[in-house]
Amino acid sequence: MKKEIILTGITPTGTPHLGNYVGAIRPAIAASRQTENEAFYFLADYHAIISCHDPKRIQQSSKEIAATWLALGLDTENAFFYRQSDIPEIMELTWILTCMTAKGLMNRAHSYKAALADNDTNQSNDPDKGVTMGLFSYPILMAADILMFNAAKIPVGKDQIQHIEMARDIAGRFNHHYGNHFILPEAVINDNVAVLSGLDGRKMSKSYNNTIPLFAPEKALRKLIMKIKTNSLEPGEPKDTKGCTLFEIFQAFASNDEVSDIKARYENGIGWGDMKGLLFDYLNQHLAPFRNRYTELMETPDYIESVLQKGRIKARERSVPFLQALRKAVGITPICG
Ligand code: TRP
């Protein structure tokens with residue numbers, strides 16, 4: 001029986017942070033080692049240029065994300081790890097799918113509707129102000145990423161569920177018209193992973209500018225942890241672990257026994273300064289070996305590139321023949337048949 005494919009993309013516009021690690025990277029790396037499915041992970045650089053028009057940032061972020069995943073032990077022998085832009089078949093498929101996608105479906109995309117709503121709020125005289133065709137067609141590119149490899153399970157954040165449903169719609173329409181070529185993909189939302197809060201107590205997110213970079217150097221890591229917002233209870237006063245960012249981060253890394261121990265210390269009134277010191281020591285110790293490997297990788301970009309090139313070759317063994325079949329299905333074939 002064919003193995004089920006799990007696939008997800010990472011948009012290279014920022015630096016990986018603790019929230020990304022706990023919510024997405026750590027489970028993906030664990031999944032890269034199992035052999036009952038096939039895991040496909042890629043840098044979605046053609047997605048990045050939709051929202052980010054700073055070439056240096058995209059280049060740097062691609063390097064940081066690839067180095068992060070490799071430093072954390074991504075199994076690239078078993079899993080497929082590649083760059084979207086290295087697979088030209090994805091772009092060709094995007095066009096084929098664009099011709100099977102109702103414009104009305106794209107009108108309903110949350111990200112597009114949010115842009116329209118902003119323009120309305122700001123009383124702009126152009127309702128489509130700031131909307132490129134890239135933003136508008138974004139879900140079609142994402143559908144191509146998924147359908148190119150006939151992926152069945154797509155681990156994503158809740159904000160991406162609608163895009164997976166759109167990929168299903170597009171695949172269904174294609175299948176209906178041209179025959180059964182695509183598996184209908186499903187979103188997988190992992191409710192067992194923690195959603196971490198950031199420095200200000202809101203969800204840790206690049207857009208809130210409240211993140212702790214996963215591989216911040218030791219000094220910077222300490223400084224950031226010291227900045228995490230707490231309430232104003234004094235040392236000696238019992239404290240609640242619920243809703244406490246320091247505790248949440250600790251819990252995402254520590255064993256059950258260590259967590260129970262810290263809970264007792266909260267009840268006994270541990271001071272915030274002490275808890276911050278403890279969290280820093282704990283995280284720093286846990287992350288140091290990976291951070292060292294990360295630093296080495298960042299200094300050997302040729303090696304990172306060679307891993308991505310191997311990934312390109314492996315992924316194209318699938319995408320080249322499949323695109324050929326899809327072209328034929330829509331009537332794009334040599335004249336002689
Ligand atoms: N749009 C996704 C995000 O912002 C990234 C992404 C691009 C993706 N292509 C994908 C995720 C295909 C899953 C499958 O998170």
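Residues numbered from 1 in each chain as written. Predicted model: local features only at pLDDT ≥ 70, side-chain atom pairs only at ≥ 80, totals over all residues. Heavy atoms only, no water.

(A) Broad picture of the overall build of the chain. From N to C terminus, the chain includes 13 helices and 5 strands. Taken over the C-alpha trace, the chain has a radius of gyration of 22 Å; the compact-globule value for 337 residues is 20 Å, and the two agree within 12%. Burial statistics for the chain: of 337 residues in total, 46% are counted as buried. With the model as given, the accessible surface of the chain reaches about 17,600 Å², and the carbon-plus-sulfur share is 51%. (Helix = DSSP H or I, 4+ residues; strand = E, 2+ residues; numbered from the N terminus. Rg over C-alpha atoms; globule rule 2.2 N^0.38 Å. Buried < 20%, exposed > 50% of the residue type's maximum accessible area, 1.4 Å probe, protein only. Areas by Shrake-Rupley, 256 points an atom, 1.4 Å probe, with all protein chains shown as cover.)

(B) Quick peek at the site of the ligand. In the vicinity of the ligand, 14 residues are found, and the nearest of them are Gly9, Tyr138, Met142, Asp145 and Gln160. Between the ligand and histidine 47, the relevant distance is 3.4 Å, taken from a nitrogen atom to a side-chain nitrogen or oxygen of the residue. In the environment of the ligand, a nitrogen atom lies 3.2 Å from a nitrogen or oxygen atom belonging to the side chain of glutamine 160. When the ligand is considered free in solution it has 360 Å² of accessible area, and contact with the protein chains removes 86% of it. Taken together, the elements giving at least two residues each to the shell around the ligand come down to strand S1 (4–10) and helix H7 (133–147). In terms of residues, the shell around the ligand owes the most to one element, H7, which gives 4 residues. (Near = heavy atom within 4 Å. Polar contact = N/O pair within 3.5 Å; in protein donor to acceptor, adjacent residues only side chain to side chain.)

(C) Broad picture of the pattern of salt bridges. Tallying each qualifying case throughout the model produces 10 salt bridges. The salt bridge involving arginine 83 is made with glutamate 305; its shortest N-O contact spans 2.6 Å. Remark: glutamate 305 occurs in helix H13 (residues 301–330) and arginine 83 occurs in strand S3 (residues 80–83); sequence separation between them is 222 residues. Note on arginine 83: relative accessible area 15%, which makes it buried. Residue classification places glutamate 305 among the partly exposed residues on the basis of a relative accessible area of 30%. Residue glutamate 218 is joined to arginine 291 by a salt bridge in which the shortest nitrogen-to-oxygen separation is 4.0 Å. Taken together, the residues span a long stretch of sequence, with glutamate 218 in helix H9 (residues 218–227) and arginine 291 in helix H12 (residues 272–298) at a distance of 73 residues. Taking the relative accessible area as the measure of exposure, glutamate 218 reaches 44% and is therefore partly exposed. The buried category is assigned to arginine 291, whose relative accessible area is 8%. Salt bridges sharing common partners tie together Arg83, Asp86 and Glu305. (Salt bridge = Lys/Arg side-chain N within 4 Å of Asp/Glu carboxyl O.)

(D) Quick look at the domain arrangement of the chain. Taken as a whole, the chain is organised into domain 1 (5–101 + 137–194 + 301–330) and domain 2 (218–296). The straight-line distance from the C-alpha centre of domain 1 to that of domain 2 is 34 Å. Buried area between domain 1 and domain 2, summed over both chains or domains, comes out near 820 Å², and the portion from carbon and sulfur atoms is 71%. Along the contact surface separating domain 1 from domain 2 lie 0 salt bridges. Among the secondary structure elements, those contributing two or more residues to the side of domain 1 that touches domain 2 are helix H1 (18–33) and helix H3 (55–71). (Domains from an automatic or database assignment. Buried area = accessible area lost by both parts, 1.4 Å probe.)

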